[in-house]
Amino acid sequence: MGGLAGGAGSYSDAAFVVAGVVGGSAGWWLVLTSVIGLFHARIDAGAMRLINRGSGALVTIFGLSVLANLA
């Protein structure tokens, strides 16, 4: 990132950024899967249907907003 900000970039700086991204992603997935694991038994077919419809609606809204932005 140093090279992008006008400073001199180095391999150690780049490795630090990559390690931060990997660590952050792994941490996020650990938290996400742990929370879902706690509530897994409470999710029945009706709740799953609701989650799927809500997710589909969000994807549709985001897709339409991208198309509107392109137009």
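Residues numbered from 1 in each chain as written. Predicted model: local features only at pLDDT ≥ 70, side-chain atom pairs only at ≥ 80, totals over all residues. Heavy atoms only, no water.

Student: Quick one: what's the story with the overall build of the protein chain, residue by residue and with numbers?
Tutor: The helix and strand inventory of the protein chain stands at two helices and zero strands. Taking all 71 residues of the protein chain together, 0% fall into the buried category. Element-wise, carbon and sulfur atoms account for 74% of the exposed surface of the protein chain, whose accessible area totals about 6,100 Å². (Helix = DSSP H or I, 4+ residues; strand = E, 2+ residues; numbered from the N terminus. Buried < 20%, exposed > 50% of the residue type's maximum accessible area, 1.4 Å probe, protein only. Areas by Shrake-Rupley, 256 points an atom, 1.4 Å probe, with all protein chains shown as cover.)

Student: Can you break down a nonpolar patch on the surface residue by residue, with the values?
Tutor: Side chains of V31, V35, L38, F39, I43, M48 and I51 sit close together on the surface and give an oily, nonpolar patch of about 610 Å² of accessible area. Listed by contribution, the elements that provide at least two residues to the nonpolar patch are α1 (11-39) and α2 (45-70). Looking at the nonpolar patch, the element that brings in the most residues is α1, giving four residues. Relative to the assigned elements, M48 resides in helix α2. (Patch = residues over 30% accessible without salt bridge, like charges linked within 9 Å, V, L, I, M, F, W, Y side chains within 5 Å. Salt bridge = Lys/Arg side-chain N within 4 Å of Asp/Glu carboxyl O.)

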